[in-house]
Amino acid sequence: MKAIFKTSLLSLAIISFVCIFSSCKKDEEMKVLITVKMQSDSTIIVPNAKVTITKGQINDVGYSDANGQFSHTYKLEAIFDVIAQKDSLYGETVIRLKPGETAYKTVFIK
C-alpha cells in the first residue's frame, strides 16, 4: 500500500512539475538598434546624437555611442517614431517592433 502511495505521489509531482514549467510563456523582449548617419554621405556616422523614440506616452531619449548607435529594449510590440538630432542637424523615421526580433533602423540627418 505504501509503495502505491509513493508511486502515485511521485507521478503527481512529476506531472505537476512538467505542467508548471512547460505551459509558461516567456516574455519576448524586442531590441531596437538605431544608427545615426549623415544624409549627405551615408558612410559618415554621427556619435553623440540625441535619439528620441516616441509614441503616445512613451518617450525614451538617449544618445548614440561612438559608433553612431543607440539601443533600447521593449516588452511590447509597437510602431514608434524615431527622431535624431545633433546641433542643427535633424532626421526622423519610423520603426516597427516584432516579438522576438531585433529591429534595426538607420536615421539619416541633414
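Reading the values: the criteria
Residues numbered from 1 in each chain as written. Predicted model: local features only at pLDDT ≥ 70, side-chain atom pairs only at ≥ 80, totals over all residues. Heavy atoms only, no water. Pairing = 2+ DSSP bridges. Helix = DSSP H or I, 4+ residues; strand = E, 2+ residues; numbered from the N terminus. Axes fitted to C-alpha atoms, helices over the stretch in contact; angles between N-to-C directions. Phe/Tyr/Trp six-rings, centres within 6.5 Å; stacked < 30°, edge-to-face > 60°. Buried < 20%, exposed > 50% of the residue type's maximum accessible area, 1.4 Å probe, protein only.

S.K.: Could you give me a rundown of the sheet that holds strand β2 (residues 50–55), with the residues and numbers involved?
M.R.: Taking strand neighbours across the sheet as the criterion, the four strands line up as β3-β2-β5-β6 in an open arrangement whose pairing is antiparallel. Of all strands in the sheet, those bounded by a partner on one side alone are β3 (58–63) and β6 (89–96). Pairwise comparison of adjacent strand axes, ignoring direction, gives a mean angle of 20° for this sheet. Of the strand pairs in this sheet, strand β5 (residues 79–86) and β6 are connected by eight bridges, and their pairing is antiparallel.

S.K.: Talk me through the packing of aromatic side chains; I want residue IDs and the actual numbers.
M.R.: With the rule as written, the count across this model stands at one aromatic pair. Both rings, one in Y74 and one in F80, keep their centres 4.8 Å apart while their planes meet at 35°; by these two values the pair is tilted. With respect to burial, Y74 and F80 carry one shared label: buried.

S.K.: Break down the sheet that holds strand β4 (residues 69–74) for me, citing the residues and quoting the values.
M.R.: The strand order across the open sheet formed by three strands is β4-β1-β7, and the pairing between neighbours is mixed. A single partner strand is all that each edge strand has here, and the edge strands are β4 and β7 (102–109). The average undirected angle you get between the axes of adjacent strands in this sheet is 20°. Where strand β1 (residues 30–38) meets β4, six bridges bridge the pair, whose relative direction is antiparallel. Counted as the bridge partner of I34 is F70 from β4.

Geometric descriptors of this kind do not, in isolation, establish any biological role.
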